[in-house]
Amino acid sequence: PLQRIIIDEPTVSMFFHVNNSPFAGIEGKFLTSRNISERLHRETLSNVSLKVNTTNETDVFEVCGRGELQMAILIETMRREGFEFSVSRPEVLFQEIDDVIHEPVEEVVVDVLTDYSNKVIDNLQKRKGIMQGMSQEGENNRIEFRVPSRGLIGFRGEMLTETRGTGIMHQQFDGYEPYAGEIPGRTRGALIALEKGDVTGYALEGVQDRGTFFVEPGDSVYMGMVVGTNNRSDDMVVNVAKKKALTNHRASITADSIKISQAKKMSLEECIEFIANDELLEVTPESLRIRKKFLDHNERKREEKKKAGV
C-alpha cells in the first residue's frame, strides 16, 4: 500500500463578506450569500488544502488556506466568474499547546542576485525570521530562513520590488512555535473619501500633498472608501469629489491648468497585503476597491472608543 499523503494544515484565514457597499450589484452577477457559499464549498471538492467554515453571521464565511497567494488565486478566479464580494485582511491561525500560544512557522528559500541579498535578509529579520543558511550558486545567493507565517503576509510583493522582479521564493509549512512577538505592520494611514461622487482634478490638486492616491479624475468613489495612503500614520478624511465653484470671472490659462500626480494602481495581491484590520477589499469582476468596514466616519469613531474601553 502507498503511504498516506499528508496535506499541510491551513495557516491563514480570511473572511468573505457579501458586498454591502453603495456600488454593490453594479458589476457582478453572483453576489448573494447563497451564491458565495455554494461556490466556496464547491472549491473545497478539488482544493483539498482549503477549508470553509460558517460564522455567526449568515453573510460572512471564514476561508482557511495555506497562504495569501492561494487566497489571491481563489479570489481572482471567482471575480473572473462574475462573483462580487468583500474580503478581510489575512489572519494567522494560532494554536494553544501546553497553555502557550503557538503560531505557524514557514521554511522559506529565496534565490536572489547577490546585490540584493542584504535587503532580503534585513526584511526577513524585521519579520522575526531566523536565518538557517546561505549558499552561492553563480550570480545568485540561496538564502534559507524560518519565518512566522504572520511575517510572510506582504513579503512576496516587497521582495519582488526590492529585487526588481528577479527574486524567486519558495515557502513550506514547518510546524508550530511559541508566539514570536509583534511584527511591524503598515506604517502609513489611509486617506478616506468624505462623500459619494466622481473624483475631480480640482479636488485632487488641493489634497495631493497629503499622500499617494489610488484614484484619478473621473473615478467613482463613496463615503468610507480608501482613496490613498496618508503621509502620516493616522487616517484622514478628504473630499476628492469637490467641484470648483462656477463664477462669472474668466480664469487665466495658468489657473486652469491642473497638475496631478499619477495614481498608484495596485494588483489584487498588493491590495490584500495593504488592507488593515478595520478595512475590507471590495472585489468585483471589474474593480478592486479598499474600504473601511464602517463607512460612516462617526460610526468608526464610536467603534474606536468602544475598543479603547471609553
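Look up: the structure comes first, before these words.
Residues numbered from 1 in each chain as written. Predicted model: local features only at pLDDT ≥ 70, side-chain atom pairs only at ≥ 80, totals over all residues. Heavy atoms only, no water.

Attention now goes to the sheet that holds strand β15 (residues 226-230). Taken in spatial order, the four strands make up an open sheet running β13-β15-β11-β16, and their pairing is mixed. Because the sheet does not close on itself, it has two edges, and the strands there are β13 (211-213) and β16 (236-238). Neighbour-to-neighbour, the strand axes of this sheet turn through a mean angle of 30 degrees, independent of strand direction. Pairing analysis gives three bridges linking strand β11 (residues 190-193) to β16, with the strands arranged parallel. Bridging across to β16, L191 finds its partner in M236. (Pairing = 2+ DSSP bridges. Helix = DSSP H or I, 4+ residues; strand = E, 2+ residues; numbered from the N terminus. Axes fitted to C-alpha atoms, helices over the stretch in contact; angles between N-to-C directions.)

With that settled, the discussion passes to the pairing of strand β7 (residues 100-113). Of all 14 residues in β7, ten are buried; the element is thus mostly enclosed. Alignment of strand β6 (residues 95-97) against β7, held across three bridges, turns out to be antiparallel. Paired with I97 across the bridge in β7 is V100. Connecting β6 to the antiparallel partner β7 that follows it, the hairpin turn spans two residues, and D98 within it adopts a positive phi of roughly 55 degrees. Judged from the nine bridges that link them, β7 and strand β10 (residues 168-178) form a sheet pairing that is antiparallel. When the bridges of β10 are listed, H102 appears paired with P178. (Buried < 20%, exposed > 50% of the residue type's maximum accessible area, 1.4 Å probe, protein only.)

Attention now moves to unusual backbone geometry. Positive phi is not limited to glycine here, since D98 has a value of about 55 degrees. If you trace the backbone, D98 turns up in the loop between β6 and β7. If you check the backbone angles, R164 has positive phi at about 55 degrees while not being a glycine. Positionally, R164 belongs in the loop between α4 (155-162) and β10.

This part is about the packing of aromatic side chains. By the definition in use, this model includes six aromatic pairs. An angle of 40 degrees between the planes, with centres 5.0 Å apart, marks the rings of F30 and F83 as tilted. Linking F30 in the loop between β1 (12-18) and α1 (33-46) with F83 in the loop between α2 (68-80) and β4 (85-87), this pair joins segments that are 53 residues apart in sequence. Seen in terms of ring centroids, F214 and F274 are 5.5 Å apart; in terms of plane orientation they differ by 85 degrees. Their pairing is edge-to-face. (Phe/Tyr/Trp six-rings, centres within 6.5 Å; stacked < 30°, edge-to-face > 60°.)

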